[in-house]
Amino acid sequence: MAHEEGTRPPGLIASLGLVTRNAIGLLLNRLELAALELAEVRDRLLQLVLVFALAVLLGGFALIYASVTIVYLAWAVIGWLILPIITGVFLLIAIGLIVYARSLLRGGKLSLPATMAELKSDRDMLL
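Residues numbered from 1 in each chain as written. Predicted model: local features only at pLDDT ≥ 70, side-chain atom pairs only at ≥ 80, totals over all residues. Heavy atoms only, no water.

### What to know about the overall build of the chain
- From N to C terminus, the chain includes three helices and zero strands.
- Counting from the amino terminus, helix and strand elements in the chain follow one another as α-α-α.
- When each of the 127 residues of the chain is scored for burial, the buried share is 9%.
- Here the contacts in the chain between residues at least 6 apart in sequence split such that 62% fall between residues at least 24 apart.
- Approximately 10,900 Å² of the chain is accessible, and the part contributed by carbon and sulfur atoms is 74%. (Helix = DSSP H or I, 4+ residues; strand = E, 2+ residues; numbered from the N terminus. Buried < 20%, exposed > 50% of the residue type's maximum accessible area, 1.4 Å probe, protein only. Contact = heavy atoms within 4.5 Å. Areas by Shrake-Rupley, 256 points an atom, 1.4 Å probe, with all protein chains shown as cover.)

The following block contains the structure:
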């Protein structure tokens with residue numbers, strides 16, 4: 001049974017072209033989603049850096065003034081021993097802040113959850 005030229009089903013080359021076009025469209029869609037999420041992450045990261053820089057600056061000023069005050073008041077009582085005591089306290093505080101910052105970063109605020117979910121669903125669909 002012969003088909004007419006206009007009603008003939010698409011051949012292998014035409015089908016491959018459609019599949020390629022759909023695959024490219026899917027890839028572009030995923031790239032747009034990743035770009036959107038990266039812009040959001042960039043904004044959050046910039047905000048985090050600015051807040052952190054301001055906190056470090058102001059915290060440094062407060063720390064200097066508090067240290068000078070404590071050394072001045074304690075020097076008459078314990079002398080030079082106040083200096084290693086203050087150093088130890090500052091070291092413990094710094095370690096605590098580093099642990100806290102790492103927990104914030106592990107919270108997933110800088111990840112790409114929607115992009116990763118879509119890529120996983122694409123992989124599952126293809127396999």
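### A closer look at the pattern of salt bridges
- Using the criterion set out here, one finds one salt bridge in the structure.
- Residues Asp43 and Arg42 are paired through a salt bridge, measuring 3.4 Å at the closest nitrogen-oxygen approach. (Salt bridge = Lys/Arg side-chain N within 4 Å of Asp/Glu carboxyl O.)

### Let's talk about the packing of helix α1 (residues 12-78) against helix α2 (residues 82-105)
- Relative to each other, α1 and α2 sit at 145 degrees, their axes nearing to 9 Å. α2 is crossed by α1, and the crossing has right-handed handedness. Contacts between α1 and α2 involve Leu63, Ser67, Ile70, Val71, Ala74, Trp75 and Ile78 on the former and, on the latter, Ile82, Leu83, Ile85, Ile86 and Phe90.
- Here the contact of α1 with α2 is composed, by residue class, of eleven nonpolar, one polar and no charged. (Axes fitted to C-alpha atoms, helices over the stretch in contact; angles between N-to-C directions. Left-handed = near helix turned anticlockwise from the far one by under 90°. Nonpolar A, V, L, I, M, F, W, Y, C, P; charged D, E, K, R; others polar.)

### Topic: the layout of surface pockets
- In this structure, the largest pocket occupies an estimated 840 Å³ of space.
- Breaking the lining of the largest pocket down by element, the ones donating at least two residues are α1 and α2.
- Residue contributions to the lining of the largest pocket peak at eleven residues, all from α1.
- When its residues are assigned to classes, the lining of the largest pocket shows 18 nonpolar, two polar and two charged. (1 Å grid on protein atoms, 1.4 Å probe; cavity = no way out; pocket = protein on both sides within 12 Å on 5 of 7 lines; lining within 4 Å. Points joined across faces, edges and corners; volume = space filled by probe spheres on them.)

### Notes on a nonpolar patch on the surface
- On the surface, a nonpolar cluster with roughly 1,000 Å² of combined accessible area is contributed by Trp75, Val77, Ile78, Trp80, Leu81, Leu83, Ile85, Val89, Ile93 and Leu97.
- With five residues, α2 is the single largest residue contributor to the nonpolar patch.
- Structurally, Val77 can be placed in helix α1. (Patch = residues over 30% accessible without salt bridge, like charges linked within 9 Å, V, L, I, M, F, W, Y side chains within 5 Å.)

### What to know about the confidence of the model for the chain
- Counting all residues, the mean pLDDT for the chain is 83, and 88% of those residues have values of 70 or more.
- When mean pLDDT is taken per element in the chain, α2 scores highest with 90 and helix α3 (residues 113-126) scores lowest with 75. (pLDDT = per-residue confidence, 0-100.)

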